[in-house]
Amino acid sequence: MSDVTNVLLVGVGGQGTILASKILTMGLIENGYDVKMSEVHGMSQRGGSVSTQVRFGKKVYSPIIGEGMADILVAFEEMEAARYAKFLKPDGKMVINRLCIPSLPVLSGQVAYPEHIIESLKQDFPVLDLDATRIATEIGNPKSANVVLLGALVQALGLTNLDWSDFISRTVKPKFVDVNLKAFQAGREAVANR
Amino acid sequence: MKKLLSGNEAIARGLYEAGVSFASAYPGTPSTEILENVARYDEIYSEWAPNEKVAVEAAIGASMGGVRSFAAMKMVGLNVAADPMFTFAYQGINGGMAFVNADDPGMHSSQNEQDNRRYAKAMKICMLEPADSQECLDMTRAAYEISEKYESPVMIRMTTRVDHSKSLVELGERKEVPAVPYVKQRDRLDDVPAVSKQRRYVIEEREKQLKEYSENSPFNYEEMHDTKIGIVASGVAYMYAKEVLGDKASYLKIGFSYPLPIEKIRAFSKKVDTLYVVEELDPVMEEQIKAAGIDCHGKDVIPNIDELNPNIVATGILGKGFPNKTVPDGLFVPRPPALCAGCPHRGFFYELGKRKDTVMVGDIGCYALGGSEPLNAKDLGGCMGSAFSIGHGMSHAFSKSGQQKRVVACMGDSTFFHTGINSLTEVSYNKSNTICVILDNRITGMTGHQDNPGSGYNIKGEPTTLIDVERVVHALGLKNVRTVNPNNLADMKATLDWAYSLENEPVVIITRWPCVLKKFSQEDAEEFNLDHTPCVVDEEKCIGCKKCMTTGCPALRFNLKDKKSEIVESDCVGCRVCAQVCPVKAISRKGYK
């Protein structure tokens, strides 16, 4: 699996991790990679912790990874970054959205939402953090936060030589092309030169 | 042409290419998307059946009628459909028949982790196990050739990761297959004991022929590299082994996995130093291989619990997995799934959770989440449609033994049509005092909004006969029946009070409000007030009592600094359950007074 890159996207059911993974996967295929993408449906989608995996390279066998195998972890939510950190390779890096979504045990007062997650993770992992929701809101559509994160991921992976804007233009609905292109670009810029 | 397809999409494509004419299923994760995708091909008649048994029976009828037919189900669905399937295995097909059984290792969305490969052996039918989307398509096409050659139904056994992983698939063309004219054959199809006794010998002979086929099947093949390690693997487990070991091992990839190609495995075992069987869940292949006197490792190094992944396979075979860093303690807390904001089940669970001396029996669906804190309303569950019958047995035990407890049992509308009608018949016929609640959210929720006999639409979204839940309940002889809007807590409470007051009679409550995530039909829009204006908290009035938080709504937040509740506007759909709970009326709809 030496030539295979492993991307793990994690978040909370309903955040749009699957859509971001789909755009990434289609883009990689267009650029000649062998790709496998794995997602989970059903009960966990009801506000639970969700993960999607995209593996690409010359030849990919397994659709999923295990602990210690991810090259990059993209967390759409802070606590999920910590939950899935064990899946990273020792030299793997993280892209984290600065967003806290309390889970049911937090809402019902059984436990407190952990503090200083990003700062703690930075002690052990290279972390690129950004406020994708704020960036997306400034661009004009908070729902495009997932495409902001996709832009950050592409930048972090160094896949910037591929023509993503052409691909995004052809994938999303015409009226959302502009906002998504801006979101993608803003995501790239947010983590560039870091 | 190559296309990115999930395993489920590839099965649907394979059915199209194989010239299949009839496909039926009941939704169930991880198999649901197969029929949803089949429904896009006009060449195939497709349908949602009320349950898996009915789906298989309909597919059996279509096969007997002469066309290629198909059914799909998750693994617990095969328990329901096992009855017709065992006998159909004796009768044999007319038009080719295959079915998908989707196991769920790791129980992502299931109540047990059964390994249904054992069914193929018990039913004496053959089994194919695809490992990726391309094999899903190829094996589906081949399944019909095999089915018609050996007059056997074929089980295509998938697992969650094969169903829901996407990879590139080479597409082919559809081949129309003429129907086989029906000819009366009582000595094969009429399943009276005298006929079945004769068929018993026929299927024993057929199994021998299938063993022969397995030894020569192109789906069972060797890949010889370094011979220190030899791997026998099927399904996605083969992909994990291949990922980890690459050319450092040799492989015998098993795609046609029942009957097993034992002689091929024996020959392979002689070419390698150490033989490993890599399979998810039970040691199904390992047991057969060891019984044939072939020495191998299996469950001594590969766990039989939970799904596998490359790291687990590496740990088992190489003795060490992939290195990783540990995360400091306390950086994350559990995030279990929860009822959505605006879920119509919330009002029912909220009111029920407050009652003492109550035992709540749940069922399979989103309402399975009613047991979590803070709603804390559910005690136990069973299988599809079981709540009322389990409730009846418990009620009987409680009254017999003097335990002062009232049993409330609930299930959804789709589950009621699945097998809940049977268990409500039990309650009515045997005069149970179980309070039976049908949570009618006008759709099949958990699996992603499939139509059902109560929705008024078929799998293609076309209008069809709407079977009315309340009329069915009346027809089953129940006299105490009330329908209530569960978002109105006062009505919900009053209805429960009424049900509890009928101490020695069967009672049915139907809560009726559409799932907040469903695509509303014209009828929904006419019947329900679907105004989704969000609620807001008036900070001045909020006293920080956290009463609203006891509804467990994910749109609510409690601001610890200000000691006030907040509502995330983009998540709230204005169901007003929290507003009714608030003791100081601090919550109201935005812009409403």
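Residues numbered from 1 in each chain as written. Chains lettered and ligands numbered in written order. Predicted model: local features only at pLDDT ≥ 70, side-chain atom pairs only at ≥ 80, totals over all residues. Heavy atoms only, no water.

Colleague: Sorry if this is basic, but what is going on with the overall build of chain A here?
Modeller: Helices and strands together make up the secondary structure of chain A, namely eight helices and six strands. Reading chain A from its N terminus to its C terminus gives the helix and strand order β-α-β-β-β-α-β-α-α-β-α-α-α-α. Taking 2.2 N^0.38 as the reference for a compact globule, 194 residues should give roughly 16 Å; the C-alpha atoms of chain A span a radius of gyration of 16 Å, in line with that estimate. Oriented by its inertia axes, the alpha-carbon framework of chain A measures out at about 50 × 40 × 35 Å. Sorting the 194 residues of chain A into buried and exposed places 61% on the buried side. (Helix = DSSP H or I, 4+ residues; strand = E, 2+ residues; numbered from the N terminus. Rg over C-alpha atoms; globule rule 2.2 N^0.38 Å. Buried < 20%, exposed > 50% of the residue type's maximum accessible area, 1.4 Å probe, protein only.)

Colleague: I'm lost on the overall build of chain B in this one. Help?
Modeller: Along the backbone of chain B there are 20 helices and 22 strands. The C-alpha radius of gyration of chain B comes to 27 Å, within 12% of the 25 Å expected for a compact globule of 593 residues. In terms of overall dimensions, chain B has a C-alpha envelope of 80 × 65 × 55 Å along the principal axes. Of all 593 residues assigned to chain B, the portion counted as buried reaches 59%. Summarising the internal contacts of chain B: among those between residues at least 6 apart in sequence, 74% fall at separations of at least 24. Here chain B has roughly 23900 Å² of accessible surface; of this, 51% comes from carbon and sulfur atoms. The averaged location of the 78 negative side-chain charges in chain B is 3 Å from the averaged location of its 70 positive side-chain charges. (Contact = heavy atoms within 4.5 Å. Areas by Shrake-Rupley, 256 points an atom, 1.4 Å probe, with all protein chains shown as cover. Lys, Arg positive; Asp, Glu negative; His and termini not counted. Charge placed at Lys NZ, Arg CZ, Asp CG, Glu CD.)

Colleague: For this particular structure, what's the right way to read the pattern of salt bridges?
Modeller: Between side chains of opposite charge, a pair can form as their charged atoms come close. Residue and element names in this part refer to chain B. For the structure shown, the criterion picks out 48 salt bridges over all chains. One salt bridge connects Asp190 with Arg186, and the closest N-O pair in it is separated by 2.8 Å. Looking at Asp190, the relative accessible area reads 27%, which means it is partly exposed. Overall, the relative accessible area of 48% leaves Arg186 in the partly exposed class. Via salt bridges that share partners, Asp103, Asp115, Arg117, Glu129, Arg157 and Glu279 belong to a single interconnected network. (Salt bridge = Lys/Arg side-chain N within 4 Å of Asp/Glu carboxyl O.)

Colleague: So what exactly am I meant to see when it comes to helix α7 (residues 164-171) of chain A here?
Modeller: Each turn of an α-helix holds 3.6 residues, which means side chains three or four residues apart point in the same direction. Residue and element names in this part refer to chain A. For α7, the full list of buried residues reads Trp164, Phe167 and Ile168. Around the axis of α7, the buried residues are gathered within 100° of arc, so they sit on the same side. Where α7 is buried, its residues contact α1 (17-30), α6 (145-157) and α8 (177-191). (Arc of directions from axis to C-beta.)

Colleague: In this structure, what is going on with α6(A)? I would like to understand it.
Modeller: Residue and element names in this part refer to chain A. In this model α6 runs 18 Å from its N-terminal to its C-terminal C-alpha over 13 residues, within 8% of the 18 Å that 1.5 Å per residue would give. Of all the 13 residues making up α6, 11 are buried; the element is thus mostly covered by neighbouring parts of the structure. All buried positions along α6 are accounted for by Ala145, Asn146, Val147, Val148, Leu149, Leu150, Gly151, Ala152, Leu153, Val154 and Ala156. A positive backbone phi angle near 75° is found at Gly158, which sits one or two residues after α6. (Expected span 1.5 Å × (residues − 1).)

Colleague: How do you make sense of the sheet that holds strand β1 (residues 2-6) of chain B when you look at a structure like this?
Modeller: Across a sheet, strands are paired by hydrogen bonds formed along the backbone, either parallel or antiparallel in direction. In space, the eight strands of this open sheet follow the order β6(A)-β5(A)-β4(A)-β1(A)-β3(A)-β2(A)-β8(B)-β1(B), with mixed pairing throughout. The open sheet has two free edges, formed respectively by β6 (127-130) of chain A together with β1 of chain B, since each of these has just one partner strand. Put simply, the sheet's adjacent strands are angled 20° from each other on average, direction ignored. Here strand β5 (residues 88-97) of chain A pairs with β6(A) via four bridges, running parallel. Residue pairing across strands places Asn97(A) opposite Leu130(A), the latter belonging to β6(A). The sheet strands contacting helix α4 (residues 117-124) of chain A are β5 and β6 of chain A, and the helix crosses β6(A) at an angle near 160°. (Pairing = 2+ DSSP bridges. Axes fitted to C-alpha atoms, helices over the stretch in contact; angles between N-to-C directions.)

Colleague: What is the right way to look at the interface of chain A and chain B in this model?
Modeller: Each side of the interface is counted separately: chain A has 60 residues, and chain B has 55 residues. The tally of links between chain A and chain B comes to three salt bridges. Ionic pairing is found between Arg335(B) and Glu80(A), a salt bridge with its closest N-O pair at 2.5 Å. Contributing elements (two or more residues each) for the side of chain A that touches chain B: α1, β2 (34-38), β3 (49-57), α2 (78-84), β5, α3 (104-107) and α4 of chain A. Among the residues making up the side of chain A that touches chain B, the classes are represented as 32 nonpolar, 16 polar and 12 charged. The pairing of β2(A) with strand β8 (residues 165-170) of chain B spans two bridges and is antiparallel. Bridge pairing links Ser38(A) to Ser165(B) in β8(B). (Nonpolar A, V, L, I, M, F, W, Y, C, P; charged D, E, K, R; others polar.)

Colleague: Hey, could you run me through a negative patch on the surface in this one?
Modeller: All names here are of chain B. On the surface, Asp538, Glu539, Glu540, Asp562 and Glu566 cluster together into a negatively charged patch. With respect to the helices and strands, Glu540 occurs in the loop between β19 (535-537) and β20 (556-559). On the basis of relative accessible area, Glu540 is assigned to the exposed category, the value being 75%. (Patch = residues over 30% accessible without salt bridge, like charges linked within 9 Å, V, L, I, M, F, W, Y side chains within 5 Å.)

Colleague: Explanation requested: the sheet that holds strand β13 (residues 274-278) of chain B in the structure shown.
Modeller: Residues and elements named next belong to chain B. The mixed open sheet is built from four strands, whose spatial order is β9-β11-β10-β13. Only two strands of the sheet have a single partner each, and these edge strands are β9 (220-223) and β13. Averaged over all pairs of adjacent strands, the angle between their axes in this sheet comes to 15°, without regard to strand direction. By the bridge criterion, four bridges tie β9 to strand β11 (residues 250-254) in an arrangement that is antiparallel. The residue of β11 that forms the bridge with Glu223 is Tyr251. Those strands touched by helix α11 (residues 262-271) are β9, β10 (229-234), β11 and β13, and its axis lies near 170° from that of β11.

Colleague: Quick question: what am I supposed to make of the packing of aromatic side chains here?
Modeller: The relative placement of two aromatic rings is captured by the distance of their centres and the angle of their planes. Under the definition given, this model contains 12 aromatic pairs over all chains. Aromatic side chains Tyr150(B) and Tyr213(B) sit 5.8 Å apart centroid to centroid with 65° between the ring planes, which places their arrangement in the edge-to-face category. Placement of the pair is Tyr150(B) in helix α6 (residues 133-150) and Tyr213(B) in helix α9 (residues 193-216), with a sequence separation of 63 residues. We note that Tyr150(B), like Tyr213(B), is buried. Their ring planes at 65° and their centres at 5.0 Å tell us that Trp513(B) and Phe528(B) sit as a pair that is edge-to-face. Here Trp513(B), found in the loop between β18 (507-512) and α19 (522-527), pairs with Phe528(B), found in the loop between α19 and β19; they are 15 residues apart in sequence, far enough to count as distant. This pair shows no difference in class: Trp513(B) is buried, exactly as Phe528(B) is. Grouped by ring-pair contacts, the aromatic residues Tyr150(B), Tyr213(B) and Phe256(B) constitute a single cluster. Positioned over the ring face of Tyr61(A) is Lys59(A), at 5.5 Å from the centre of the ring. Looking at Lys546(B), its charged tip hangs above the ring of Phe558(B), at a distance of 4.9 Å from the centre. (Phe/Tyr/Trp six-rings, centres within 6.5 Å; stacked < 30°, edge-to-face > 60°. Lys NZ or Arg CZ within 6 Å of the ring centre and 35° of its normal.)

Colleague: I would appreciate a short explanation of the confidence of the model for chain A in the present structure.
Modeller: Keep in mind that low pLDDT regions are not for reading the predicted coordinates in detail. Here chain A averages 92 in pLDDT, while 97% of its residues score no lower than 70. Across chain A, element-level confidence peaks in strand β4 (residues 70-75) of chain A with a mean pLDDT of 98 and bottoms out in α7(A) with 85. (pLDDT = per-residue confidence, 0-100.)

Colleague: Which parts of the structure should I look at to understand the nonpolar core?
Modeller: In a soluble, globular protein the nonpolar side chains are often hidden away together inside. Grouped together as the largest cluster of nonpolar side chains are 64 residues, with contacts concentrated most on Ile11(B), Ile34(B), Leu35(B), Phe70(B), Ile231(B), Val278(B) and Ile317(B). If you look at the next biggest cluster of nonpolar residues, it comprises 50 residues, including Ala387(B), Ile438(B), Val469(B) and Cys575(B). (Core = buried A, V, L, I, M, F, W, Y, C linked by side-chain atoms within 4.5 Å.)

Colleague: Mind showing me how you'd approach the pairing of strand β3 (residues 45-48) of chain B here?
Modeller: One face of the sheet, then the other: side chains in a regular strand alternate in exactly this way. Where strand β2 (residues 22-25) of chain B lies against β3(B), four bridges are found, and the strand directions are parallel. By the bridge assignment for β3(B), Ser24(B) is matched with Glu47(B).

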